[in-house]
Amino acid sequence: MKSQLKEKIKESLSSVLPITVIVLLLSFTITPLSSGTMVLFLLGAILLIVGMGLFSLGADLAMMPMGNEAGRSLSTRSNSGFMLFLCFCIGAAITIAEPDLQVLAKQVPAVPDQVIIFTVAAGVGLFLVISMLREMFGLSLQKLLFLCYPLMFLISFFVPKEFLAVAFDSGGVTTGPITVPFIMALGIGIASTQKESSEESNFGLIALCSIGPILAIMIMGIIMSTTEIVYEPFSIPVVSDSKEAGYQFIEGFPEYIKDVAVGLLPIMAFFGLIRFMSTEHMSRRSAIKILVGTVYTYLGLVLFLTGVNVGFMPAGHALGAQIGAMEQRWLLIPLGIIMGYFIVVAEPAVHVLNKQVEDLTTGAIPQKAMLTSLSLGVGLSLGLAMIRVVSGISIYWFLIPGYALALGLSFFVPKVFTAIAFDSGGVASGPMTATFILPFAMGACKSVPGGNVLTDAFGVIAMVAMTPLITIQLLGVVYNRKLKTATDITPAEKLIITDEIIDYDEEELL
């Protein structure tokens with residue numbers, strides 16, 4: 001296990017290093033940071049590296065096995081109504097504990113935080129139930145997406161513009177590092193029990209769970225349309241030396257110790273209930289492995305979230321504010337592209353998704369190809385987001401054509417790529433986006449003459465969640481053409497291009 005942890009730490013170092021170098025280069029050239037902010041950032045980077053390594057190992061040892069077993073148990077129970085109720089409860093409970101959602105809720109002061117949080121939680125819980133029904137009855141993900149997205153945009157025309165960007169952002173922040181590994185494994189576990197199942201059925205839960213919060217916040221916005229929404233800035237600490245920076249982390253740790261515990265406890269309780277109801281015996285070795293993995297996950301998330309919230313948020317806001325105040329504020333656009341390309345690598349849930357894609361397709365879709373496509377997508381999205389910050393263009397001009405293109409591509413790529421792509425949108429928009437890129441956009445928007453944070457800066461998470469839908473499916477187009485012209489392809493590659501049905505009883509396809 002020590003060698004595994006060492007390997008995970010190395011992977012996280014290579015993931016966090018690029019964005020750290022970019023911030024350092026900017027601070028030594030065009031956007032100098034105060035010594036206190038720099039110390040916060042560097043300490044945060046160290047916590048990110050260690051935290052991501054621990055989290056990745058914990059997800060492999062505990063979160064994925066727990067989700068897999070829970071999914072298998074759910075799909076084999078005769079009392080499906082009770083199981084769906086449990087799914088709603090677990091989806092809502094995990095969402096309430098997502099730290100990114102807490103950050104987003106604080107930015108809409110006219111609406112109590114708990115109202116936003118419980119509204120979003122209900123949306124996730126409902127769509128997790130819909131996702132379970134889709135898995136159990138073999139419903140087409142493409143048809144569900146074509147039903148939900150037009151409905152979502154139709155409702156959006158009746159939503160006050162101050163609520164609009166927040167609603168779209170809520171779909172991205174709810175699928176964070178606590179939610180993604182368990183829910184993804186839940187779907188894989190359910191798919192493994194179906195007699196006939198395609199590669200597509202292993203994915204899609206995150207895609208549908210990202211829609212629920214958007215619709216829920218839009219409906220809330222229509223109900224509260226008479227409420228005046230005013231932007232309330234992030235509370236950015238001002239530190240002057242390393243001693244004050246240390247105090248910031250000491251004060252931050254207790255909050256995230258509590259938040260992560262609140263997030264993991266519902267998962268553990270849900271898994272415990274599933275085990276209690278199961279007739280299968282779990283070996284002592286498996287139980288210890290899950291327990292140790294849960295501890296790794298807990299420690300990793302505490303370190304990661306403390307590092308990114310306490311260390312990265314002030315740096316992101318300060319960099320954005322300085323560049324937005326420059327005459328050459330157009331530099332925000334290329335910088336956004338560069339930051340987006342590298343920052344997605346530091347999202348912990350991205351590594352979970354990429355590993356699952358490679359494993360479930362038995363290497364037919366490698367992690368490197370997935371990561372490159374995600375990096376290109378997020379780089380493009382942040383470039384477009386910075387265009388919005390500089391120009392004030394409505395988010396509709398990006399989201400409507402973007403989602404239309406994403407849905408249109410679903411007719412030309414293997415179904416598994418569509419399912420993976422719509423999952424990846426929610427996965428890519430994680431805590432790094434919420435606590436570094438969003439403050440960066442807010443700082444820039446405040447400095448740009450005539451900038452409106454609520455309408456121009458908010459929506460950056462929605463942009464990050466949209467573009468991977470396109471780039472991953474474009475990867476599918478490339479793979480489709482490549483494999484169809486190849487003379488020698490593996491069984492796994494054949495499944496991808498033909499969307500054949502998998503018989504999970506056949507050992508060679510497991």
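Residues numbered from 1 in each chain as written. Predicted model: local features only at pLDDT ≥ 70, side-chain atom pairs only at ≥ 80, totals over all residues. Heavy atoms only, no water.

**Observations concerning the environment of Met38**
Part 1 of the argument: Within the fold, Met38 resides in helix 2 (residues 35-76).
Part 2 of the argument: Counting along the chain gives 203 residues from Met38 to Asp241, while the straight-line C-alpha distance between them is 9.3 Å.
Part 3 of the argument: Ignoring sequence-local partners within four residues, the contact set of Met38 consists of Leu24, Ser27 and Leu33. (Helix = DSSP H or I, 4+ residues; strand = E, 2+ residues; numbered from the N terminus. Contact = heavy atoms within 4.5 Å.)

**Overview of empty space enclosed by the protein**
Part 1 of the argument: Inspection of every chain in the model, using the stated rule, returns two cavities of 30 Å³ or more.
Part 2 of the argument: Approximately 120 Å³ is the volume found for the largest cavity.
Part 3 of the argument: Contributing to the lining of the largest cavity are 14 residues, with Tyr149, Ser210, Ile214, Tyr403 and Ala465 lying nearest its centre.
Part 4 of the argument: Looking at the lining of the largest cavity, the elements that each hand over two or more residues are helix 7 (161-173), helix 9 (205-223), helix 16 (415-428) and helix 19 (460-485).
Part 5 of the argument: Here the lining of the largest cavity is composed, by residue class, of nine nonpolar, five polar and no charged.
Part 6 of the argument: There is about 30 Å³ of room inside the second largest cavity.
Part 7 of the argument: Around the second largest cavity, the lining residues are Lys8, Glu11, Ser12, Met52, Ser56 and His351.
Part 8 of the argument: At the level of elements, helix 1 (2-28) and helix 2 are the ones that each hand at least two residues to the lining of the second largest cavity.
Part 9 of the argument: Looking at which element gives the most residues to the lining of the second largest cavity, the answer is helix 1, with three residues.
Part 10 of the argument: Along the lines of polarity and charge, the residues of the lining of the second largest cavity split into one nonpolar, three polar and two charged. (1 Å grid on protein atoms, 1.4 Å probe; cavity = no way out; pocket = protein on both sides within 12 Å on 5 of 7 lines; lining within 4 Å. Points joined across faces, edges and corners; volume = space filled by probe spheres on them. Nonpolar A, V, L, I, M, F, W, Y, C, P; charged D, E, K, R; others polar.)

**A short note on the packing of helix 6 (residues 141-156) against helix 9**
Part 1 of the argument: Between helix 6 and helix 9, the least distance of the axes is 10 Å, while the angle of their chain directions is 20°. As summarised for this structure, helix 6 and helix 9 are arranged roughly parallel, according to the angle between their axes. When you trace helix 6 past helix 9, the crossing you get is left-handed. The residues of helix 9 that touch helix 6, namely those facing Leu141, Leu144, Leu145, Cys148, Tyr149, Met152, Ile155 and Ser156, are Leu208, Ile211, Ile214, Leu215, Met218 and Ile222.
Part 2 of the argument: Tallied by class, the residues present in the contact of helix 6 with helix 9 amount to 13 nonpolar, one polar and no charged. (Axes fitted to C-alpha atoms, helices over the stretch in contact; angles between N-to-C directions. Parallel < 35°, antiparallel > 145°, perpendicular 65-115°, else oblique. Left-handed = near helix turned anticlockwise from the far one by under 90°.)

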